[in-house]
Protein chains: 4
Amino acid sequence: MEYFPFLEEVKFSPGDRDGLYNFSFYNPEQQIAGKNMSEHLRFSVALWHSFLDGGDDPFGEKTLVREWNEIGDDLQKAKLRIDAAFEFMDKLNIQYFCFHDMDLVPSSPNLKIFNDKFDRVAEYLQKKMSKHDKNLLWGTANLFQASYYRQGAATAANPDVFARAAAQVKKALEVTDDLEGDNFVIWGGREGYDSLLNTDMKLDLDNKARFLEMIVDYCKEIGFTGNLLIEPKPMEPRKHLYDFDAAHTHAFLENYGLKEHFKLNIEANHATLAGHNFAHELRYSRIHDMLGSVDANQGDKLLGWDTDEFTSDIYKATLACYELLENGGIAPGGLNFDAKLRRTSTNIEDLVIAHISAMDVYACGLKAAYNLQEDEVLQKFIEQKYEGYSQGIGQQIKQGQTSLEGLEDYVLNNELTKVESDRQELLEKRITEKIIETVQEGL
Amino acid sequence: MEYFPFLEEVKFSPGDRDGLYNFSFYNPEQQIAGKNMSEHLRFSVALWHSFLDGGDDPFGEKTLVREWNEIGDDLQKAKLRIDAAFEFMDKLNIQYFCFHDMDLVPSSPNLKIFNDKFDRVAEYLQKKMSKHDKNLLWGTANLFQASYYRQGAATAANPDVFARAAAQVKKALEVTDDLEGDNFVIWGGREGYDSLLNTDMKLDLDNKARFLEMIVDYCKEIGFTGNLLIEPKPMEPRKHLYDFDAAHTHAFLENYGLKEHFKLNIEANHATLAGHNFAHELRYSRIHDMLGSVDANQGDKLLGWDTDEFTSDIYKATLACYELLENGGIAPGGLNFDAKLRRTSTNIEDLVIAHISAMDVYACGLKAAYNLQEDEVLQKFIEQKYEGYSQGIGQQIKQGQTSLEGLEDYVLNNELTKVESDRQELLEKRITEKIIETVQEGL
Amino acid sequence: MEYFPFLEEVKFSPGDRDGLYNFSFYNPEQQIAGKNMSEHLRFSVALWHSFLDGGDDPFGEKTLVREWNEIGDDLQKAKLRIDAAFEFMDKLNIQYFCFHDMDLVPSSPNLKIFNDKFDRVAEYLQKKMSKHDKNLLWGTANLFQASYYRQGAATAANPDVFARAAAQVKKALEVTDDLEGDNFVIWGGREGYDSLLNTDMKLDLDNKARFLEMIVDYCKEIGFTGNLLIEPKPMEPRKHLYDFDAAHTHAFLENYGLKEHFKLNIEANHATLAGHNFAHELRYSRIHDMLGSVDANQGDKLLGWDTDEFTSDIYKATLACYELLENGGIAPGGLNFDAKLRRTSTNIEDLVIAHISAMDVYACGLKAAYNLQEDEVLQKFIEQKYEGYSQGIGQQIKQGQTSLEGLEDYVLNNELTKVESDRQELLEKRITEKIIETVQEGL
Amino acid sequence: MEYFPFLEEVKFSPGDRDGLYNFSFYNPEQQIAGKNMSEHLRFSVALWHSFLDGGDDPFGEKTLVREWNEIGDDLQKAKLRIDAAFEFMDKLNIQYFCFHDMDLVPSSPNLKIFNDKFDRVAEYLQKKMSKHDKNLLWGTANLFQASYYRQGAATAANPDVFARAAAQVKKALEVTDDLEGDNFVIWGGREGYDSLLNTDMKLDLDNKARFLEMIVDYCKEIGFTGNLLIEPKPMEPRKHLYDFDAAHTHAFLENYGLKEHFKLNIEANHATLAGHNFAHELRYSRIHDMLGSVDANQGDKLLGWDTDEFTSDIYKATLACYELLENGGIAPGGLNFDAKLRRTSTNIEDLVIAHISAMDVYACGLKAAYNLQEDEVLQKFIEQKYEGYSQGIGQQIKQGQTSLEGLEDYVLNNELTKVESDRQELLEKRITEKIIETVQEGL
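Residues numbered from 1 in each chain as written. Chains lettered and ligands numbered in written order. Predicted model: local features only at pLDDT ≥ 70, side-chain atom pairs only at ≥ 80, totals over all residues. Heavy atoms only, no water.

K.L.:
Explain the overall build of chain A here, please?
P.N.:
If you tally the helices and strands in chain A, you get 16 helices and 16 strands. Across its three principal axes, chain A shows a C-alpha extent of roughly 80 × 60 × 45 Å. Counting all 443 residues of chain A, 69% fall into the buried class. Considering only contacts in chain A between residues 6 or more positions apart, those separated by 24 or more positions represent 76%. As presented, chain A carries roughly 14200 Å² of accessible surface, and 43% of it is formed by carbon and sulfur atoms. (Helix = DSSP H or I, 4+ residues; strand = E, 2+ residues; numbered from the N terminus. Buried < 20%, exposed > 50% of the residue type's maximum accessible area, 1.4 Å probe, protein only. Contact = heavy atoms within 4.5 Å. Areas by Shrake-Rupley, 256 points an atom, 1.4 Å probe, with all protein chains shown as cover.)

K.L.:
How do you make sense of the relation of the copies chain B and chain C when you look at a structure like this?
P.N.:
Turning one copy of the chain about an axis and sliding it along that axis gives the other copy, so a rotation and a shift relate them. When chain B is fitted to chain C, the residual RMSD is 0.0 Å, and the transformation amounts to a turn of 180 degrees plus an axial shift of 0.0 Å. Interpreted geometrically, this transformation is the action of a two-fold axis. Across chain B, the smallest distance between a C-alpha and the rotation axis is recorded for Gln440(B), namely 2.4 Å. Taken together, the interface assignments show that 100% of the residues at the interface of chain B recur at the interface of chain C, consistent with an identical surface on both copies. (Least-squares fit on C-alpha atoms with pLDDT ≥ 70 in both.)

K.L.:
What am I meant to see in the packing of helix H12 (residues 348-375) of chain D against helix H16 (residues 424-441) of chain D here?
P.N.:
The axes of two packed helices give the description: the angle between them and the distance between them. All names here are of chain D. Contact geometry of H12 with H16 gives a least axis separation of 9 Å together with a crossing angle of 120 degrees. The pairing of H12 with H16 is recorded here as oblique in orientation. Taken as a pair, H12 and H16 cross one another with a handedness that is right-handed. Two secondary-structure elements touch here, H12 through Cys 364, Lys 367, Ala 368, Asn 371, Leu 372 and Asp 375 and H16 through Ile 431, Lys 434, Ile 435, Thr 438, Val 439 and Glu 441. (Axes fitted to C-alpha atoms, helices over the stretch in contact; angles between N-to-C directions. Parallel < 35°, antiparallel > 145°, perpendicular 65-115°, else oblique. Left-handed = near helix turned anticlockwise from the far one by under 90°.)

K.L.:
For this particular structure, what's the right way to read the sheet that holds strand S13 (residues 291-295) of chain C?
P.N.:
One key point about sheets: their strands pair by backbone hydrogen bonds, in either a parallel or an antiparallel sense. Residues and elements named next belong to chain C. One closed barrel holds the 8 strands; their spatial order is S5-S6-S7-S8-S10-S12-S13-S16, and the pairing between them is parallel. Strand after strand, the sheet turns through a mean of 30 degrees between neighbouring axes, direction not considered. In terms of strand pairing, S13 meets strand S16 (residues 335-337) through 2 bridges, oriented parallel. Looking at S16, one finds that Val 294 is bridged to Leu 335. Here helix H5 (residues 111-132) sits on the sheet and contacts strand S6 (96-100) and strand S7 (135-140); the angle it forms with S6, its principal contact strand, is near 175 degrees. (Pairing = 2+ DSSP bridges.)

K.L.:
Mind showing me how you'd approach the domain arrangement of chain A here?
P.N.:
How large an interface is tends to be reported as the accessible area lost when its parts come together. Residue and element names in this part refer to chain A. Its domain assignment divides chain A into domain 1 (28-363) and domain 2 (378-442). Between the C-alpha centres of domain 1 and domain 2 the distance comes to 38 Å. The partner domain 2 presents 6 residues to the 5 residues of domain 1 that form the contact. Summed over both sides, the interface of domain 1 with domain 2 buries roughly 470 Å², with 76% coming from carbon and sulfur. Of all residues in domain 1, Ile 314, Tyr 315 and Tyr 322 bury the most surface against domain 2, accounting for 71% of the area lost on that side. Connecting domain 1 to domain 2 are 0 salt bridges. Our count for the domain 1 to domain 2 interface comes out at 0 residue pairs in polar contact (both at pLDDT 80 or more). (Domains from an automatic or database assignment. Buried area = accessible area lost by both parts, 1.4 Å probe. Salt bridge = Lys/Arg side-chain N within 4 Å of Asp/Glu carboxyl O. Polar contact = N/O pair within 3.5 Å; in protein donor to acceptor, adjacent residues only side chain to side chain.)

K.L.:
Would you take a moment to explain the interface of chain C and chain D for this structure?
P.N.:
Between chain C and chain D, the contact holds 93 residues from the first and 93 residues from the second. Area buried by chain C at its contact with chain D is led by Leu197(C), Asn198(C) and Leu404(C), which between them contribute 10% of it. One can count 2 salt bridges joining chain C with chain D. Glu408(D) is the partner of Lys170(C) in a salt bridge, and the nearest nitrogen-oxygen pair spans 2.7 Å.

K.L.:
Explain the pairing of strand S5 (residues 43-46) of chain A here, please?
P.N.:
Across a regular strand the side chains alternate sides, sitting on one face of the sheet and then on the other. Residues and elements named next belong to chain A. Residue alternation in S5 divides its side chains into two sets, Phe 43 and Val 45 and Ser 44 and Ala 46, and both sets are buried. Note: S5 against strand S16 (residues 335-337), 3 bridges, orientation parallel. The residue of S16 that forms the bridge with Ser 44 is Asn 336.

K.L.:
Looking at this structure, I do not really get the interface of chain B and chain C. What am I missing?
P.N.:
Each partner contributes to the interface: chain B provides 45 residues, whereas chain C provides 45 residues. Of the roughly 4000 Å² buried where chain B meets chain C, counting both sides, 52% is carbon and sulfur surface. For chain B, the biggest contributors to the area lost against chain C are Leu302(B), Glu425(B) and Lys429(B); these three give 17% of the whole. At the boundary of chain B and chain C, one finds 2 salt bridges. Within the residue set of the side of chain B that touches chain C, elements represented by two or more residues are helix H12 (348-375) and helix H16 (424-441) of chain B. Looking at the side of chain B that touches chain C, the element that brings in the most residues is H16(B), giving 12 residues. For the side of chain B that touches chain C, the per-class residue count stands at 13 nonpolar, 15 polar and 17 charged. (Nonpolar A, V, L, I, M, F, W, Y, C, P; charged D, E, K, R; others polar.)

K.L.:
So what exactly am I meant to see when it comes to the pattern of salt bridges here?
P.N.:
Working definition: two side chains of opposite charge can pair if their charged atoms are close together. Throughout the structure, instances matching the rule amount to 123 salt bridges over all chains. As a salt-bridge pair, Glu323(D) and Arg283(D) come within 2.8 Å of each other at their nearest N and O atoms. Separated by 40 residues along the polypeptide, Glu323(D) in helix H11 (residues 314-326) and Arg283(D) in helix H10 (residues 278-287) bring together distant segments of the chain. The pair Glu323(D) / Arg283(D) is uniform in exposure class, with both members buried. Here the salt bridges do not stand alone but share partners, grouping Glu2(A), Glu87(A) and Lys91(A) into one network.

K.L.:
Any chance you could explain the nonpolar core here in plain terms?
P.N.:
Soluble globular proteins tend to pack their nonpolar side chains together in the buried interior. Tyr362(A) and Tyr362(D) are the most contacted members of the largest nonpolar core, which has 575 residues in total. With 16 residues, H12(D) is the largest single contributor of residues to this core. Sequence-distant contacts of Tyr362(A), defined by excluding residues within four places in its chain, comprise Leu41(A), Phe43(A), Phe278(A), Ala296(A), Thr311(A), Ala317(A), Ala320(A), Cys321(A), Leu335(A) and Phe337(A). (Core = buried A, V, L, I, M, F, W, Y, C linked by side-chain atoms within 4.5 Å.)

K.L.:
I'm lost on the state of the cysteines in this one. Help?
P.N.:
Each disulfide consists of a covalent bond between the sulfur atoms of two cysteine residues. Counted according to the given criterion, the structure contains 0 disulfides over all chains. Not part of a disulfide, Cys321(B) finds its nearest cysteine sulfur in Cys364(B), a span of 9.4 Å. On the basis of relative accessible area, Cys321(B) is assigned to the buried category, the value being 1%. As a non-bridged cysteine, Cys219(C) has Cys98(C) as the owner of its nearest cysteine sulfur, 17 Å distant. (Disulfide = S-S within 2.5 Å.)

K.L.:
Please clarify how the environment of Met89(D) should be interpreted in this entry.
P.N.:
Residues and elements named next belong to chain D. In this fold, Met 89 is placed in helix H3 (residues 74-92). Take Met 89: its relative accessible area is 0%, and that puts it in the buried class. The spatial distance from the C-alpha of Met 89 to the C-alpha of Phe 43 is 9.9 Å, given a sequence separation of 46 residues. Contacts of Met 89, omitting those with residues within four sequence positions, involve Val 45, Ile 94, Tyr 96, Phe 97 and Lys 134.

K.L.:
What is the right way to look at the packing of aromatic side chains in this model?
P.N.:
Any pair of aromatic rings gets described here by the distance separating the centres and the angle formed by the planes. According to the stated counting rule, one finds 92 aromatic pairs over all chains in the structure shown. With a centroid separation of 5.4 Å and an interplanar angle of 80 degrees, the aromatic rings of Phe51(A) and Phe88(A) are classed as edge-to-face. Taken as a pair, Phe51(A) in helix H2 (residues 47-51) and Phe88(A) in helix H3 (residues 74-92) lie far apart in primary sequence, 37 residues in all. For the pair Phe51(A) and Phe88(A), one class covers both residues: buried. Geometrically, the ring pair formed by Phe4(B) and Phe6(B) is edge-to-face, given 6.3 Å between the ring centres and 70 degrees between the ring planes. Here the aromatic cluster, defined as three or more aromatic residues joined through ring pairs, consists of Tyr3(A), Phe4(A), Phe6(A), Tyr21(A), Phe51(A), Trp68(A) and Phe88(A). The ring centre of Phe252(A) lies 3.5 Å from the NZ or CZ of Lys208(A), which sits over that ring. (Phe/Tyr/Trp six-rings, centres within 6.5 Å; stacked < 30°, edge-to-face > 60°. Lys NZ or Arg CZ within 6 Å of the ring centre and 35° of its normal.)

K.L.:
Looking at this structure, I do not really get unusual backbone geometry. What am I missing?
P.N.:
Peptide bonds are, in most cases, trans, and in most cases residues other than glycine have a negative phi. Cis geometry marks the peptide bond from Glu236(A) to Pro237(A); its omega dihedral reads 10 degrees. Its location among the elements puts Pro237(A) in the loop between strand S10 (227-230) and strand S11 (240-241). The omega angle of the peptide bond from Ala331(D) to Pro332(D) is 5 degrees, so this bond is cis rather than trans. Here Pro332(D) is to be found in the loop between H11 and strand S16 (335-337). Phi angles above zero are rare outside glycine, and Glu180(A) is one such case at about 55 degrees. Structurally, Glu180(A) can be placed in the loop between helix H6 (159-178) and strand S8 (183-186). Taking the relative accessible area as the measure of exposure, Glu180(A) reaches 64% and is therefore exposed.

Set out below in structure tokens:
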């Protein structure tokens, strides 16, 4: 069965202004800095938002009806969903996908039944991956949706729930390993609290650390060598989530001696909910050697919840890609479209268009970021700005050769040199110019 | 000269409903859990907000005119300001005060002149402290107001500015030490960025760490044994401040091996600007052994800047005091009123009333928190909630005796036990009841 | 069948500190300003949140399982739900309730079937009301949940949807009229937009006005004399809702000449989402003669969505009740508990406790507000503050006897008199004192 | 004296990628829809932010030192400031400017002195305008900075302050009239409250209306025929400002019968502080025939205060210009750069670059918006979406020929037709494509 009959393979065809279904910037084979664009960007489809989401919200019922979710039993639906996703990936030239266990198998109170079904779907998935030559960017276990996870999974007050979560991660990890997934993600969507009054924060964090340690141990045991990624989010569904942002997660990992084992999966919308720019979270992760992968969506800064929109802002994509390039690339991570259609966008065509648009925005952003990096616009400015630290008193400071006394002495004997302009407006203009230049070169 | 001639010593006089100038709850000598209320609360006056603030805002000029800031040269003004503050502390029965160097000496480009003036004011201050039997809760260096700190102090791009900041801290630390200050605070009001485009975040953080190391070294050298406190704030005046909140600061300290040397000065309004409750930041600091002192103000959650209001919310004060009691007290820290009058509150009486009101709110909060702790309302609930971890599989998890495999095995062989109600509404009711009970006992 | 077997009638029993199920402040028969407390507060149970909500959130499945929602077909469930609600109202001494049509009858594509079922449930409801002597505060039509309302109801782009909404309101209005409801509420939960790009805002507003006109006409026709109430909310579920807040709704009603026909149903949590305090929205409505009824919940100002929590803040309840008293009461409106349990509060007891607690908080708030009003604390301050407008140039301004020229002349010939202190901290202290006094009198 | 000696006339020179001081998109003479770009955009310099701002913030002293503000007495400074501004306007080819009275004359307690000085500066200004052939977009009176305005100007509790504000507006209006200003702006920066406790909101609003009535009367008297504009802002400096946003101001004007006399000056940053997009406020104003002029800046949505940044976002500029084109243009209003440099941008060159950049962003946005309008991309979609209202039942609804009964009848006899996709992602893609196309055509 064909789910996107209206769609042929989407091609790089920048001159074509009338067609909806082509790329203006995304040219998978184009070389940038010695790598294909596709290797740089490593786009990934999110099985949940793109193939399971029904468009329901807290005030409204399902609006998005998909053939593949309507026919047969759970197993059959899972297979049809996979079929649809792989047709989609083929036609859009997307190499990677990501899944939660529960995107493939519905929750079941009985773990054995759940695991058995999971095995059968995984087997089917493996065949499809092989046939379509697709890869798994990451797998994860959904530890937030089932009723029993309402007080947390690794931070559940009931140890049975902790155990259940552990068993569920074990299975999802095995499947991810079997499918040669590049990463395994842990999003602690219920690890946090609704009220401090009923919460033992210390025990919660201790238990969370124990949970992660077991995962590290089991990875060694089964030989899973992909990256383990933690995905920060500040709040929603709960009042406070322990992995609030990159720095909170960093503090936690340092505190429990776990930093070397985990990297971060940074989501744009989660960054803004935490009060940060997307680029900030990427930068923080990058300079602390914690940048693992990216959930490439965007939020609405005027709304206080996770809107998970498809990216449409070239400026932000450029700044994000700049961080990725400075990081030496995002592999073995990738850019996963953890984004959903608005619930009023009910056409199946909308799903295609949203992905094409976001892929083009990131492709343009990558090119612009590369141009920025090549011309050393920012780098030169920053070098010059901080050059005082490569000589004289600055160098001594940097090399740890000074003390408060020595610096007081320096100050008493030297005039304060001029503090130069930080030239923010100029640099912002440079970014805009570089994007414009990139767009014009795209002709 | 008397600055508050309308005011006699403010006394604990709970029955007196007509008088404005008495305490309804704050009874300094009252014993609570073996300590005086005054020892518990360790109230402190903030020289800047209470004795220097002119009420100007970004759109309006000075509204608060104080005699002690209007007469004579800088030195004389500083002395009058100190006189006023000590009269105020005497009459309100406040034992502690806090200062920035620039509350005492105006900024000067010439460090020598600045230090000399500072010495003279410090000498005067010391005499007053001795005479009035008052103590210094903490001193700090103002590293944000001078024009040359606009790009940071420890994170300045210009090493001369770093040096200047170091020299300034050295002096402020020496004075704090001379005055036997219990703590020294570092607020990095300009340590952050306005734009990532012109910022080397890694170098900034490295430099910030070097700066702190020098402070630690110098404390050893001069034998300053008070606590060194970092005060987190997420933003304002800059777009992003590196000490965003307790967890960000924690991550930074862990990353640079500095955690043992610093504790935190938690400010209520800064907590809410970072998206947290005041109690959250206290709890986080407490369980990570980082709770040093408290800036006891409140913000307006509907406004996005630092309003620094006097506390008027008994509920929040109760939850804050509960964390302090669980911490075994806040000493050698204290409750510093880092709060200012609204700029429309132009009467000198308003300053008195604001302090009396906030002191009473905290005194009531302390009593209520103590009653909560005594009755073990929250403690018992939490113990029961998490009791699964003191036996069976929970105990094994806690003792690190389980693995993903072991837990999978457990799940396959055991039914999931019931997840109990978290009873948030009940506990919130209990808090309200305990406050009401405390208020009624106050009769 | 008894749904709350553990519960006897909840009584006013202020001395009883051990019992969970009694009122400390709410004494229905107590006279305040010549009216019973129950007449003042006119508490109402919300059928949806209290008897239908399953605790599901965007990331998690149902957690709250209620007997009355689990047995039989739709009709039977509706009857059991009503039974449970009336047992609850009886035991808690709550006189009023509110409903959406879809709380009683599930959505059906076929209007005839829907209306028939609705009639049968309404008939049952009427008998119960009569038997238990309960009243309907307001009814409403749910115009947001069904998939076809996703682009709006009165502002739907498809006129069939407009028609459907109109027909649904007609029926809900008739039932409300039959049950002698005091009010009929219109919440435009989908009247707004997700994006301006696909929105004809002018046509939307015109259509919304036409919709309201038809309702006004039909009320006249059937003789419904209750108040028509619009409930403002700024956003969620959509990016922007046209009835953003009281002032937006006011502008709309004025613009279309509809102001005389509608009042407002002010919800606390909606007020804060719009950037206002609850008291602000009450005040705005009151002075514009638009205060109709109240949804008495509270939000979490650190979270950006509608948390619909039970009120636990006596301070806010006092300020809200003060506005109600200044309004000469809220009747024929009331205080509807549009609040839900946290999804982790899974005990049926939690539902009872949450209501008792909120009722007590409002009862205490009412008493404190009455004491404030009696003592004229605020009134006297405000009279004095603005007294300049009752004499001299102020009086001339007020009476419209001045012009820019006349005032220039006045300024040139008169010194500016002193601007007095606004004494915010003093008034806040007075509020706290009045609450404390009220609590103590409650002994 | 030349203040920008490094700068020649800035020219449209799109190919020049190396030069900093040229326009890539802004070509004043270019015809768009029968008008010059300069006539479309009507750029205006803000005397305050661009020529007076010192870069001080609540935590830091002045950083921006400008020659023209440092030499001579107030009068001389004002003249130098005007000289600098006119040199700037000449070189950047900006036709308009805006001022507050206090940008020209410092506040004085004595009105006569103030007015006399104002006359002398105005005389100088008039000569300069004539010589340089420049126009005044709008003048305004600063009713927020002086200490005596701290409780409001038109809403001051002290009628002397009301009178002072009236006299000040009279003079500013006369000068604006003399200089043939196109508009006069009223920003009620202190018309609001810090606390409801000490506020008589009703009297405040009544007084505000009286104040506006006097202004209307005086305009008639002196024959000022420019537009009177109110500038909404939700908060800051006070907790709540009465002109919160466009709709609040609309409600106020309708309520007092003043709507015909006032239009709005919409500021981008104020829109976002109120929880709206810039385009939303423009749209709301436009469809209510209230769009008067624009303050073209941008805020930082992660910061809760008015950052007044120069616009750098082509996407937002395009959507704003689209509203202006749909409005039939913004004249006699204009695009005033109510934006300031970051306080770390201390070079005089930064001021030039910030303006060039913002002008280019708006020029590009105008072209893209025009292309959008020409291709009818959005218009056609919207027409099709709502076409149901031009026939059948939709037409009857629109023409007021239906009732609830008629519509119920319709529903009972007709199947609900399909609700079509709202295609938000497609339209967002179209916007991006149109911008890209515009940028590429710019080659």
